[in-house]
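Examining the three-dimensional arrangement
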Amino acid sequence: MKELINNNLVEQIKSLLENARQKVALEVNTTLLNTYWQIGKIIVEDEAMHIGDSEYERQSLRQLSKVLTTEFGKGFSRSNLSNMRQFYLTHKDVQTASGQLSWSHYCELQTISDEKKRSFYEKECINARWSVRELRRQIESSLFERLLLSSGDANKEKVLSLAMKGNEIEKPADVIRDPYVFEFLGIPEDKVFLESDLEKALVEQIEKFLLELGRGFMFVGTQQRVTFSNHHYYVDMVFYNKILRSYVLIELKTTKLMPEAVGQLNMYLNYYANEVNDQDDNPPIGIILCTDKGNFDVQYALGGLSNQIFASKYVVYMPDKEQLIQQVEAVLEKWHEEKES
C-alpha cells in the first residue's frame, strides 16, 4: 500500500504537540509552585498571629496536615507543609521562583540554609538542567565550595557572582574543579588501581563523569592518537566544550603530579592546536587529573606555558563538607586581611 503521508507533515505535527505538552507542563508546574507559595504565606501569617502560644506552634502544622490530607489526599504531610512555609520565607516574591524547577527541586534546595549557596545551586540547576538526583549529588559533593577553591583566590565578589549567576563559563579556568569527585565509580578509597582501570571505569560511567565535568562538555573518545615523526602517542581522554569552543584533553594519573606529565600534555596541546583545531575553535585546554598535587610543584611545573594546562586532584569518595567549608572560610579570611592591609 502506497504511503500518502510524507515525513515532513508528521514531523511538523509532532513538533507542535511536543511544544504544546511542554507548555502545559510548565504552566501546571508554575501554578503548583504559586499555590504552594500562597499556602506557605498563609501559614507564616497565621503563625504571626499566635506568637507565644507554644502549644499552637507545636500542633498547628500537624492538625492542618490531617485536615488537608482528608480533604485533598496525598501531598500535605507535615514535612511538605513545612517545606511550603520555608519556600515562602526563602522566596518572598514568588516571581523569583523558576517554573523550570519542580517542587521536588525546591524541597531539596530548602535543605541549604546559606542564602548565597542556595541561590547558586538554584541558578546552576536551571542552567545545567539537573534532575533532582543530580542536584542532590552536586550538593552532597560540595560543588559550591569546590568551585570557590578551584581558582585559589576566592573572594567576596566571586561568592556573590556564583550566587547571582551560577557558574559563568567565559574562560578555561571557569570549567576547572578541585577536587573532582568520582564517588560514582564505587572504588574503595584504599584500593590500588591502574590508569587504564580508571579510564575504563570513567567511560563506563560517562554520563556521570560528564555531569562532574560540568556544562558544555561532549565526549570525543579515549586513547586518541597523536603522531610525531612516526612515533605514536595517545591522549587518555578527549572532550569538546561547546561553550568555550575548545578541545579539552585529559590525562589521568594514579599518582601525584609529576613534571613530565605536564610536558607530555603540552606536546599534545600543540598538536591539537596545529593539526586538529578548526578555524573557529579556540586553543585546546589540558587537564591533568592526579591523586595529589603539591602547590610548590604546580607553581613551577605549570608556570610560563603558552598553553592552558590545569592540574586538579580527584577523589573516589565524597569530600568532607565541613573541611571544604573551613578551607573556603580560611581563603576568604586571608583575602579580607590582604585587602585591608
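Each chain has its residues counted from 1, following the order in which its sequence is written. Per-residue local features of the predicted model are confined to residues with pLDDT of at least 70, and side-chain atom pairs are confined, for both listing and counting, to 80 or more; whole-chain, interface and lining totals are unaffected and use all residues. The side-chain values count all of the structure's non-hydrogen atoms but skip hydrogen atoms and water molecules.

**Focus: the nonpolar core**
Here is the rule: Among buried residues, the Ala, Val, Leu, Ile, Met, Phe, Trp, Tyr and Cys ones that are joined through side-chain atoms within 4.5 Å form a nonpolar core. Partly exposed residues are those whose accessible area sits between 20% and 50% of the maximum for their type, while under 20% is buried and over 50% is exposed, using a 1.4 Å probe and protein chains only. Think of it this way: any DSSP run of H or I at least four residues long counts as a helix, any run of E at least two long counts as a strand, and we number them from the N terminus. The contact criterion used throughout is that any non-hydrogen atoms of two residues lie within 4.5 Å.
The biggest cluster of nonpolar side chains holds 39 residues, and the ones touching the most others in it are Leu81, Trp103, Tyr106 and Tyr121. No other element matches the six residues that helix H1 (residues 7-48) contributes to this core. Those residues in contact with Leu81 that sit more than four places away from it in its chain are Ile39, Ile43, Leu61, Leu64, Ser65, Leu68 and Phe76. Within the second largest apolar cluster, 28 residues are counted, among which are Phe182, Met237, Ile287 and Leu289.

**Some points on the confidence of the model for the protein**
Interpretation of the predicted coordinates at a detailed level should be avoided for regions scoring low in pLDDT. Quick note on the threshold: How sure the predictor is of each residue is captured by pLDDT, a score from 0 to 100.
Of the residues in the protein, 93% have a pLDDT of 70 or more, and the chain-wide mean is 88. Between the elements of the protein, mean pLDDT differs from a low of 60, seen in helix H12 (residues 295-302), to a high of 97, seen in strand E4 (residues 246-252).

**Topic: the sheet that holds E4**
Stated formally: Here, a strand pair is defined by DSSP locating no fewer than two bridges between the strands. Orientation is described by axes fitted as lines to C-alpha atoms, over the contacting stretch for helices, and by angles from 0 to 180 degrees between their N-to-C directions.
The strand order across the open sheet formed by six strands is E1-E6-E5-E4-E3-E2, and the pairing between neighbours is mixed. Lying at the two open borders of the sheet, with one neighbouring strand each, are strand E1 (180-181) and strand E2 (217-228). In terms of strand pairing, strand E5 (residues 285-290) meets strand E6 (residues 308-315) through six bridges, oriented parallel. Following the sheet pairing, Leu289 is matched in E6 by Ser312. Lying over the sheet, helix H11 (residues 259-276) contacts E2, strand E3 (231-241), E4, E5 and E6, oriented at roughly 155° with respect to E4.

**Some remarks on the environment of Cys125**
Summarising the element assignment, Cys125 is placed in helix H5 (residues 115-128). Judged by its relative accessible area of 1%, Cys125 is buried. Placed 20 residues apart in sequence, Cys125 and His105 show a C-alpha to C-alpha distance of 8.6 Å. In contact with Cys125, not counting residues within four places along its chain, are Leu101, His105, Trp130 and Leu135.

**Notes on a nonpolar patch on the surface**
Stated precisely, the cut-off is as follows: Here, patches come from residues exposed beyond 30% relative accessible area and free of salt bridges, joined within 9 Å for like charges and within 5 Å for nonpolar side chains (Val, Leu, Ile, Met, Phe, Trp, Tyr). What sets the accessible areas is the Shrake-Rupley method with a 1.4 Å probe; for residues, cover comes only from the shown protein chains. What counts as a salt bridge is simple: a side-chain nitrogen of Lys or Arg found within 4 Å of a carboxyl oxygen of Asp or Glu.
A cluster of nonpolar residues, Leu9, Ile13 and Leu17, forms a patch on the protein surface that exposes about 270 Å² of accessible area. Within the secondary structure, Ile13 sits in helix H1.

**Re helix H8 (residues 156-165)**
Note the following rule: The arc in question is the one spanned by the directions pointing from the helix axis to the C-beta atoms.
Of all the positions in H8, only Val159, Leu162 and Ala163 are classed as buried. Looking straight down H8, one finds that the buried residues subtend no more than 95° of arc, so they occupy a single side. Following H8 by one or two positions, Gly166 has its phi on the positive side, about 80°.

**Digging into helix H9 (residues 195-204)**
Residues of H9 that are buried include every one of Leu198, Glu199, Ala201 and Leu202, and no others. Here the buried residues of H9 occupy an arc of 165° about the axis, which is enough to place them on one side. Seen from the buried face of H9, the exposed residues on the opposite side, beyond 90 degrees, are Lys200 and Glu204. Where H9 is buried, its residues touch helix H10 (206-213), E2, E3, E4 and E6.

**Some details on a negative patch on the surface**
For clarity, the cut-off: Under the counting rule used here, the positive set is Lys and Arg, the negative set is Asp and Glu, and His together with the chain ends is not counted. Charged side chains are reduced to one point each, which is NZ for Lys, CZ for Arg, CG for Asp and CD for Glu.
A grouping of Asp320, Glu322, Glu329, Glu333, Glu337, Glu338 and Glu340 is seen on the molecular surface, where their side chains present a negatively charged patch. For Glu329, a relative accessible area of 48% gives the class partly exposed.

**Focus: the packing of helix H7 (residues 143-150) against H8**
To be explicit about the condition: For this classification, under 35 degrees means roughly parallel, over 145 means roughly antiparallel, 65 to 115 means roughly perpendicular, and everything else is oblique. Helix crossings get a hand from a simple test, with the near helix turned counterclockwise from the far one by less than a right angle marking a left-handed crossing and a clockwise turn marking a right-handed one. Each residue is assigned to one of three groups, with Ala, Val, Leu, Ile, Met, Phe, Trp, Tyr, Cys and Pro labelled nonpolar, Asp, Glu, Lys and Arg labelled charged, and all others, Gly among them, labelled polar.
Direction vectors running N to C along H7 and H8 enclose 140°, while the axes themselves pass 11 Å from each other. Viewed along their axes, H7 and H8 adopt a mutual orientation that is oblique. Here the hand of the crossing between H7 and H8 comes out right-handed. The segment H7 lies against H8, with Phe144, Leu147 and Leu148 engaging Lys158, Val159 and Leu162. Partitioned by chemical class, the residues of the contact of H7 with H8 number five nonpolar, no polar and one charged.

**Observations regarding the pairing of E6**
Counting buried residues along E6, six of its eight residues qualify, which places the element largely inside the surrounding structure. Note that E1 and E6 share two bridges and pair parallel. Looking at E6, one finds that Tyr180 is bridged to Tyr314.

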